[in-house]
Amino acid sequence: MRKTCRYGAALLAALLLLCAAGCGDTSGVPSISKLLRLDVSGGTVTAFQDSHGGFQNDGAAYWAIRFPEDGIRQTIQESSVWHSLPMTPAVERLACHLLGKQPPSLPAVERGWYFFYDRHSQSSDPWDAPAALARYSYNFTAAVYDADTDTLYCVVLDT
């Protein structure tokens, strides 16, 4: 009987270790790299929130990632999917004002670049923010890179 209990306890401990190993980093850095078409693994996540998990996995995720000086600046500058600030009015309305003043909205940044991608199933052009404003639900990824602080802010909204 004691051997059975020891084996059971050892099996339970092994399962708990496997579950803990599978949890990993909750900051979502690999997934955000894919969303932004940018390798962000060289940065340090300084803020992370995620409210996904509601009805049909609705919610918002927010990241602030700090980089070493000029860590990804050149990559962003040379990218065809990142654009110099200021944001277009439609992107600014979606990413900065739609969500209110608290995270997960993007902060006001004066010098840097922004990214917007509409992931909605009805999107015919995922780079077109005005079309996203015309719908009742939103599924988009938006980000802004602050050149003064070398900080990347990203929000993913699914409604």
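Refer to the structure printed above.
Described in the following lines is the structure provided in the data block. Quick caveat: nothing in here was measured; it's all calculated off a predicted structure.

Brief notes about the pairing of strand S5 (residues 139-146)
Then step 1. In terms of residue burial, S5 counts as a mostly covered element, since 8 of its 8 residues are buried.
Then step 2. Of the two faces of S5, the one lined by Asn139, Thr141, Ala143 and Tyr145 and the one lined by Phe140, Ala142, Val144 and Asp146 are each fully buried.
Then step 3. Across 7 bridges, strand S4 (residues 112-118) lies against S5 in antiparallel orientation. Bridge pairing in S5 links Tyr117 to Thr141.

So, the nonpolar core
Then step 1. Formed by 23 residues in total, the largest nonpolar core has its most connected members in Met87, Leu94, Leu106, Phe116, Phe140, Ala142 and Val144.
Then step 2. For this core, the secondary-structure elements that each account for two or more residues are strand S2 (59-66), helix H4 (89-97), S4, helix H5 (129-133), S5 and strand S6 (151-158).
Then step 3. Looking at which element gives the most residues to this core, the answer is H4, with 5 residues.

Parameters at a glance
Residues numbered from 1 in each chain as written. Predicted model: local features only at pLDDT ≥ 70, side-chain atom pairs only at ≥ 80, totals over all residues. Heavy atoms only, no water. Buried < 20%, exposed > 50% of the residue type's maximum accessible area, 1.4 Å probe, protein only. Helix = DSSP H or I, 4+ residues; strand = E, 2+ residues; numbered from the N terminus. Pairing = 2+ DSSP bridges. Core = buried A, V, L, I, M, F, W, Y, C linked by side-chain atoms within 4.5 Å.

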